[in-house]
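Listed below are the residues making up each chain.
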Amino acid sequence: MSIRASAFVINTYIHIGPLHEIHESGIRECSPSVSTSGVLRKEDKSCMTWLDLQPSRSVLYVKSGIGLIPTELEEGTQERRLMIDWAPQEDVLAHQAICGFLTHSGWNSASDGMVNSRCVREVGKIGLDMKDTCDRSTVEKLVRNLIDNKRKEIMEPMDRGATVARDAVKEGGSSFKATWTG
């Protein structure tokens, strides 16, 4: 018995990044097969109405799992928070009410989280790092520091990055050129 190998060449490709801007840019309309959302579950968009009612830069977006939150935290924050099953993350993060995003920074293991967290703080200068200590007082101190002191410092490189991403997908931008002429 012999084994026969086959190779297939597909002429369609998508350049990596900035995928979050492709939807807004019009590239997606020209190529409807390009999916940018990666949504695996139905999004609950009711949170957008709630966010519209919040003051600018006053909401911390926390990516977690419902049911994993301690009962005392759920009960103690009921009047000033909204919890939903699956948020439209890109829309939430782009909303004016959001002042920050709390995440474990992990991919598949604890070591990934540590490396990612350090890169966000030290390389990108777009976040704060818990330095491997995740307790109530550390989280509270970091959130207060973000809201009271570091928000502007962190938002400036974020805004610059957003401008670069938007420019890249505009007609004549590097991602636009690579998509249509690459």
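Bear in mind the structure is a predicted one, so any value in this text is a computation, not a measurement.

### Here we look at the overall build of the protein chain
Reasoning step 1: Scanning the protein chain for helices and strands turns up 8 helices and 2 strands.
Reasoning step 2: Listing the helices and strands of the protein chain from first to last along the sequence gives α-α-α-β-α-α-β-α-α-α.
Reasoning step 3: By residue count, 23% of the 182 residues in the protein chain fall in the buried class.
Reasoning step 4: Pairs at least 24 residues apart make up 65% of the contacts formed inside the protein chain by residues separated by at least 6 positions.

### Here's the deal with a nonpolar patch on the surface
Reasoning step 1: Taken together, Val120, Ile126 and Met158 make up a surface patch of nonpolar side chains, about 210 Å² in accessible area.
Reasoning step 2: Within the secondary structure layout, Ile126 lies in the loop between helix H6 (110-123) and helix H7 (136-169).

### A word on the nonpolar core
Reasoning step 1: In terms of nonpolar packing, the biggest core is built from 10 residues, these being Cys47, Met48, Leu51, Val59, Tyr61, Ile84, Ala87, Val92, Ala97 and Ile98.
Reasoning step 2: Secondary structure elements with two or more residues in this core: helix H3 (46-52) and strand E1 (59-62).
Reasoning step 3: Counting residues per element, this core draws most heavily on H3, at 3 residues.
Reasoning step 4: In this structure Ala87 touches Glu43, Asp44, Cys47, Tyr61 and Val92, once residues within four positions along its chain are discounted.

Rules and cut-offs
- Residues numbered from 1 in each chain as written.
- Predicted model: local features only at pLDDT ≥ 70, side-chain atom pairs only at ≥ 80, totals over all residues.
- Heavy atoms only, no water.
- Helix = DSSP H or I, 4+ residues; strand = E, 2+ residues; numbered from the N terminus.
- Buried < 20%, exposed > 50% of the residue type's maximum accessible area, 1.4 Å probe, protein only.
- Contact = heavy atoms within 4.5 Å.
- Patch = residues over 30% accessible without salt bridge, like charges linked within 9 Å, V, L, I, M, F, W, Y side chains within 5 Å.
- Areas by Shrake-Rupley, 256 points an atom, 1.4 Å probe, with all protein chains shown as cover.
- Salt bridge = Lys/Arg side-chain N within 4 Å of Asp/Glu carboxyl O.
- Core = buried A, V, L, I, M, F, W, Y, C linked by side-chain atoms within 4.5 Å.

Function cannot be inferred from these measures alone, as they are strictly geometric.
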